[in-house]
Structures are given as C-alpha cells and as structure tokens.
Protein chains: 2
Amino acid sequence: MKTLQVDLGDRRYPIFIDAGLLNRSDLLVPCIQGSRVAVITNTTVGPLYLERVLQVLAPWNPIKVILPDGEQFKTLEVLNQVFTALLTERCDRKTTLVALGGGVVGDMAGFAAATYQRGVPFIQIPTTLLAQVDSSVGGKTGVNHPLGKNMIGAFHQPQCVIIDTDTLASLPDNELSAGLAEVIKYGLIGDLEFFSWLEQNMDALLARDPQALAYAIERSCADKARVVAADEREAGLRALLNLGHTFGHAIETGVGYGNWLHGEGVAAGMCMAADLSRRLGWLKPEDVTRIQTLVRRARLPTHAPKSLSSTQLRELMSVDKKVEAGKLRLVLPKGLGQSVITADVQPALLLETLEQCRESA
Amino acid sequence: MKTLQVDLGDRRYPIFIDAGLLNRSDLLVPCIQGSRVAVITNTTVGPLYLERVLQVLAPWNPIKVILPDGEQFKTLEVLNQVFTALLTERCDRKTTLVALGGGVVGDMAGFAAATYQRGVPFIQIPTTLLAQVDSSVGGKTGVNHPLGKNMIGAFHQPQCVIIDTDTLASLPDNELSAGLAEVIKYGLIGDLEFFSWLEQNMDALLARDPQALAYAIERSCADKARVVAADEREAGLRALLNLGHTFGHAIETGVGYGNWLHGEGVAAGMCMAADLSRRLGWLKPEDVTRIQTLVRRARLPTHAPKSLSSTQLRELMSVDKKVEAGKLRLVLPKGLGQSVITADVQPALLLETLEQCRESA
C-alpha cells in the first residue's frame, strides 16, 4: 500500500492507495471520532460497493444516504436531502460522513460535511479515476448553480482519502477516459516527465493495467498534494490545477450539466488552452499536436461542441471563479509541461480559439 | 465611538459602536478588498437604511439584494436567491457582502459569504438589538432546516461589525425586547454585576435611553468577544452562549419559524433553564424569581406556549447541535451569574420543567 500525506499542519491527512482497501477497517476506523457514521453514495455505486463499506462500519450502525447519479443532481436541492436524512436520524455534530463514489458524491458529501451543524468530519472513498486523482484530494467541496459550476461551496479537508484501485474495474470506459483528462493535466501543468510517461503508457492505462493505473494515481495525487499543501485556499499557485477548467466548465454549463462528463470538458478545455498558447507564441505547433494526440488517444474530445457558439462560450467563461474585477484569468501552457496564470490575453485571440476549437469548425 | 476587538489571530476584527455610524465611510471602506460590493438587506430594513449605506458605497456601484423579512425565510431556497443575484451580476470571489439588518439577514448574508465561490469577505451592519449584541459577533452563520434551527451553516468571521445605535429608534418594541433576552443572557452566564445593572436600568433600556442602550450593547459585545476569542468553534466554553437556546429553539421550531421571535424563545428558555436548575438544587427559588422578574420586565415570555406539549418539546430538543452520542447537553445556571454545561440531567426532572413551564400550566 502506498501512503501519501497532504501536508496541511493540523489539517494534515493521509491518502492510501492500493487494491482491496474497501475492506480495510484499520484505515477507516481511526478516522472516525464520534458515535455516528453516515455513508453517502449514489444509485450506481451503491449496489456495487456499499455493502462492503457498511460491513466495515457495522459497529457504528451506519446511516445510508443514496443520491441520484449525475452532475445534474449536484444541486442545493439534492444536498438538502442529505441534511434531511441526517436530521431525521438525529445525527449529531460529531457524525462522520463517508463519501463513497465519484466526484459528484465527494463534492456533495464534502459540502454537506462542511455545513451540517456548521461542520462535521468526513472521509473520501473515491471510486472513479477522476475522483481518485483529483476531486477527493484537497478539500474543495460544493454544488453547482444553474448559472455556474461549483459556484457554491467550501474548503473542507477530509480526515483521509482511501483509494481502492479495484473499484476501477467497474468503471465505464467513458468515465475512465474522463479521469485520464485530469491525469494528463498534471503532466501539462508541471510534470513533463509524467506527460512523457503517459505517452508511453496510454495503451496500458486504457487496458486497465493495474500497475499502470496505480502509478498514474499515485503520481497524480503526489502532484496535487504538493500544490494543495503550498496553497490550500487558492491564493495563487493552486489555480494552476484549473488548466482547461475555465473552458471546460463553460462547455459543461452550456450543454447542460450531465451531458458532458467533467473530464470531457477538461480534456477539450486543455486542447483549447493549448491552442490559445500557440496563438500567443507560448507553445510550438508540434507541442499542441502532442497534447491533442494524447487527449485523443485517451478517447477524449479535443474540441468544444458545435452546438455552442464562440459568443456563448465567452459569455459562460465570464462567471469563472478566477475572474477578478471583471478580468478573465486563464491557466495556459507556456512550454510543454509548464503552465502559468495570466490575465493578459487579447480578447481577439481568445475568440479565435473559441471559434476554431469547435467540432468540425 | 467605542471600539472592541474580537481577538482571533489573523481573523481578528473590530466592533465599532456609536450613534451615526451608518454614514461613516472611514469605517466601512478599509474593510473592502475587491472591486465589487453587494448589500444584502430585507424588505423592512431596506426602505429605512439602504440608501445611506449605498451612498457610502457609491464608488463600488454596489449591488442590492433584498430578502423577505422573517425567520421563516431563513432557508436554503431564499439563500439561493442571493447566489442567483450575485452570479447574475457576475460578482467575483473578491466581492464583499454587506449584511444590513437583523439576525436573519446577518446569518444568511454571512452563510452566503462563507459559501459563495467557496468564501468571500463580509461586513456586519446589524440594525436590531439582538443582532447588535449577539448574532453579528462571532462568525456563526447559517440557515434553518424544517427539522431544526440553524442546522446548516458555517463559521465565517466578518471583516468588521458596525453598530449604529441610531438604528434602534426604528425597532418595534417586541424586537427591542427580543434583543434584551440575549443581553440578560450575558448576565446569567458569567456577569452578575451586569445582571444587577440590568435590574437597575431595565426601565431606561425600555425607554430607549441612548446611553443605557449603548452601555448594554458594549458590555454584551465585550462579554461575547471574550468567549468567542477563547473558543471560536465551540469546542467547549462557547456553548455557554446557548443558555436558554435548546429550550428556545424547540419552541421556535415547534410553533413554526416566524411565530415566536428568536429572543422570545431564548427568554422563555432561560426561565425554563432556571426552573430546571432549581429542581437540581443549583439555584435558589428567590434567584429564579429574580430571573423571571427581569425577563418579565423586559416584556418577554417566561413560559413555553401551551400549544406545545412537554413530549413535543422534549422531542424537538433532541435535534439540538449540542447533543452528543444521543445525550442532550444543557446549559444551566449554577448560582446566579454563572452557568455550566451538563449532560447529566435526570430525564424526569427535565420533563417536570417542560410540563410546568408552559403557559398557564
């Protein structure tokens, strides 16, 4: 078993990575403080893994909360169902919430934990590649608003993250690919060596080779843990982790939550960011091609959907959380394996990218 | 002008108390960091004071968000209206929210600030006595759930608290009294000298004598600031500030939010706590009488409404945030001017209090 640490002082916590961790009560139990536990999962993951987790937690007689599956349910209304369940069961403020599922479950259970009775502890058990390499680590929690993704939320760090790589066996192909988008992201923002490794091992990853997946998860988590430890609340550096996300969120919001997977939006968004970097002279055409090729090999989109116009995309991008004083701030590659945050992109260049990087455009 | 400090390290902030502070841009302006400001108020306070605050904030071209007035609107749904307004106006994550109003506005604007784009700064401008002496200080924010009061929320400290005592001139009598409930509370939990002062000055307070009110506000804020600085997240000591609240919240929830003012519930709750203390031998009958008399002189209820049975009240008390492992924890006076937190009250004694302390029971 690999153990990484997210080094946040008194909010420091471990990430455990291995096969078969769902049954390991020795990892879960030390993270539980009070006398109550509630497991939050969804209608897809519940039938697969809930029983095993409940067995480990049996001494606590855990409460189950089963949410509908999909980004379109990551709302305040569905969040309120969690509160209703917890209150109906008289859960007190030492209750530990356990998030069992992908990014949506983790974000919502984490936000429920951040706000139930003004804050209770929680544990992340991510079961999708995307949640394992990205959303379960770092304490970003929240829900969507019809006008913008992840616009309502809190920073709330988990007690631990338990990554059972066996759960990837049940993951649909498109969700595996969506997770690879975030994996590729770590290569692009600051880890060229990892980017090259991904070029060499993409076939093994798609074939779900356990060793390749475990390595990709570990390296991604290590990269993420380093950034989060340096800048927990995204005062600066952490914004780099949003490479591709400003474009991607605009696509996700534009086509309607649940129609594109988050990772698919990020994949297209990274290619759009690369295209814009090329126009700025920050990336060689052959590097853009390398990025697009890797994204395509991961079976991910490299373009925004035709159904969204460049004007719509630009409008949707303006509600991004990185906007300051009306100015859009973008994360863009500057050389392969390095990215920067910039507020100085000429509007015309951005519009060119938005126009050109649409499907069959 | 009096200035108190809430001493919370890097989250330290000032409380300003004086007449005429609404016009003082020199207090407000240094607390604003970004380029956007949104003032959140309600339909009652807005017509009275919003224009003056907007004038001070004119350089920021502030956004107005006007909520319906009343505890029954302190919900996730109404909170979402705030998010919609902020997103429609493209407010970024450096936006400062200004809470202009009573406890409901302060709690909701504060919780909106805690969760909008995962946290933005906010300023409290409390306009009711209750908000000035209690809810605007200490960073407790949140909304109600049909199953329990203040069950969803966050700790989020303001940048400053600006208390303009002139705003009390427009306060209805019952709201003035409601605020006095929290004032009396400070006397009971640890400030006997203040309790005696209140006995001597209750008539002046009810006559809205400016000097008496200013002194009561200042002393209450000083008492509260001391407790909050020692225990920001209510690990122990801070729970004392909940004297009367477990009973009071049960009444408020039981009769339906908005039917009893929060301070009215707290007033009856303190008398019920005193009754229970007497049964435990912790309070002399004559001290219970002193408490009841002061509460009655403040024109506040000393009993729960007849419409709620003791069983209903007991049931509603069990969702209190101080419950741990199924055990009710109560704040009770132990000698006049001192209170303790206890989990060891015999259920039969509690039921006696709940039965006896109902109107005309």
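As the structure is a prediction and not an experimental result, all values here were calculated from the model.

## Quick word on the overall build of chain A
Okay, step 1: Counting secondary structure elements, chain A contains 13 helices and 11 strands.
Okay, step 2: Scaling as 2.2 N^0.38, a compact globule of 361 residues should have a C-alpha radius of gyration of about 21 Å, and chain A matches this with 20 Å.
Okay, step 3: Projected onto the principal axes, the alpha-carbon positions of chain A cover approximately 60 × 40 × 35 Å.
Okay, step 4: When burial is assessed residue by residue, chain A has 55% of its 361 residues classed as buried.
Okay, step 5: A separation threshold of at least 6 residues defines the contact pool for chain A, and within that pool the share at least 24 residues apart is 74%.

## Some remarks on the pairing of strand β3 (residues 37-42) of chain A
All names here are of chain A.
Okay, step 1: Burial of β3 is extensive: 6 of the 6 residues sit out of reach of the surface.
Okay, step 2: Residues Val37, Val39 and Thr41 point to one face of β3 and Ala38, Ile40 and Asn42 to the other, with burial holding for every one of them.
Okay, step 3: Two elements, β3 and strand β5 (residues 96-101), share 4 bridges in a ladder whose sense is parallel. By the bridge assignment, Ile40 is partnered in β5 with Ala99.
Okay, step 4: Regarding the hand of the β-α-β motif, the stretch spanning β3, helix α2 (residues 46-56) and strand β4 (residues 63-67) is right-handed.

## Topic: the environment of B:Ser177
Residues and elements named next belong to chain B.
Okay, step 1: With respect to the helices, strands and loops of the structure, Ser177 is situated in helix α6 (residues 173-190).
Okay, step 2: According to the C-beta neighbour criterion, Ser177 is buried, with 24 such atoms within 10 Å.
Okay, step 3: Taking C-alpha positions, Ser177 is 9.4 Å from Ala267, a pair spaced 90 residues apart along the chain.
Okay, step 4: When neighbours within four sequence positions are excluded, Ser177 is seen to be in contact with Gly263, Ala298, Arg299 and Leu300.

## Side note on the environment of A:Asp69
Residue and element names in this part refer to chain A.
Okay, step 1: Take Asp69: it is sitting in the loop between β4 and α3 (76-88).
Okay, step 2: Given 18 C-beta atoms within a 10 Å radius, Asp69 is considered partly exposed.
Okay, step 3: Once the C-alpha coordinates of Asp69 and Asp92 are considered, the two residues, 23 residues apart in sequence, prove to be 27 Å apart.
Okay, step 4: If near-sequence neighbours (up to four positions away) are discounted, Asp69 is found in contact with Asn42, Thr43 and Thr44.

## Observations concerning the pairing of strand β8 (residues 148-155) of chain B
Successive residues of a regular strand alternate their side chains across the two faces of the sheet.
Residues and elements named next belong to chain B.
Okay, step 1: In terms of burial, β8 is largely enclosed, as 7 of its 8 residues are buried.
Okay, step 2: For strand β7 (residues 140-145) and β8, the ladder comprises 5 bridges, and the chain directions are antiparallel. Bridging from a neighbouring strand, Val143 pairs with Ile152 of β8.
Okay, step 3: As consecutive antiparallel partners, β7 and β8 are separated by 2 residues.

## Focus on the relation of the copies chain A and chain B
Okay, step 1: Rotating chain A by 180 degrees about the axis while translating it 0.0 Å along that axis superimposes it on chain B, leaving an RMSD of 0.0 Å. The transformation relating the two chain copies, once decomposed into turn and shift, fits a two-fold axis. Across chain A, the smallest distance between a C-alpha and the rotation axis is recorded for A:Leu76, namely 3.7 Å.
Okay, step 2: An overlap of 100% is found between the interface residues of chain A and their copies at the interface of chain B, pointing to a shared contact surface.

## Examining the environment of B:Val65
All names here are of chain B.
Okay, step 1: By the element assignment, Val65 lies in strand β4 (residues 63-67).
Okay, step 2: Classification of Val65 as buried rests on a count of 24 C-beta atoms within 10 Å.
Okay, step 3: On a C-alpha basis, the gap between Val65 and Lys284 in space is 49 Å, while along the polypeptide they are 219 residues apart.
Okay, step 4: Sequence-distant contacts of Val65, that is, excluding residues within four places in its chain, are made with Ala38, Ile40, Val82 and Ala85.

## What to know about the nonpolar core
Okay, step 1: In this structure, A:Ile40 and B:Ile40 are the most contacted members of the largest nonpolar core, which totals 232 residues.
Okay, step 2: In this structure B:Ile40 touches B:Val65, B:Leu67, B:Val82, B:Leu97, B:Val98, B:Ala99, B:Leu100, B:Val105, B:Ala109 and B:Ala112, once residues within four positions along its chain are discounted.

## What about the domain arrangement of chain A?
All names here are of chain A.
Okay, step 1: Assigned domains within chain A: domain 1 (2-170) and domain 2 (173-356).
Okay, step 2: Facing the 29 residues of domain 1 at the interface are 30 residues of domain 2.
Okay, step 3: Counting only elements with at least two residues in the side of domain 1 that touches domain 2, the list comes to β1 (2-6), β2 (13-18), α5 (129-135) and β8 (148-155).
Okay, step 4: For the side of domain 1 that touches domain 2, the element with the most residues is α5, which contributes 5 residues.
Okay, step 5: Broken down by class, the residue content of the side of domain 1 that touches domain 2 amounts to 14 nonpolar, 10 polar and 5 charged.

Definitions and limits used
- Residues numbered from 1 in each chain as written.
- Chains lettered and ligands numbered in written order.
- Predicted model: local features only at pLDDT ≥ 70, side-chain atom pairs only at ≥ 80, totals over all residues.
- Helix = DSSP H or I, 4+ residues; strand = E, 2+ residues; numbered from the N terminus.
- Rg over C-alpha atoms; globule rule 2.2 N^0.38 Å.
- Buried ≥ 20, exposed ≤ 12 C-beta atoms within 10 Å, placed from the backbone.
- Contact = placed C-beta atoms within 7 Å.
- Pairing = 2+ DSSP bridges.
- Right-handed = clockwise from strand over helix to strand, strands pointing away.
- Least-squares fit on C-alpha atoms with pLDDT ≥ 70 in both.
- Core = buried A, V, L, I, M, F, W, Y, C linked by C-beta atoms within 7 Å.
- Domains from an automatic or database assignment.
- Nonpolar A, V, L, I, M, F, W, Y, C, P; charged D, E, K, R; others polar.

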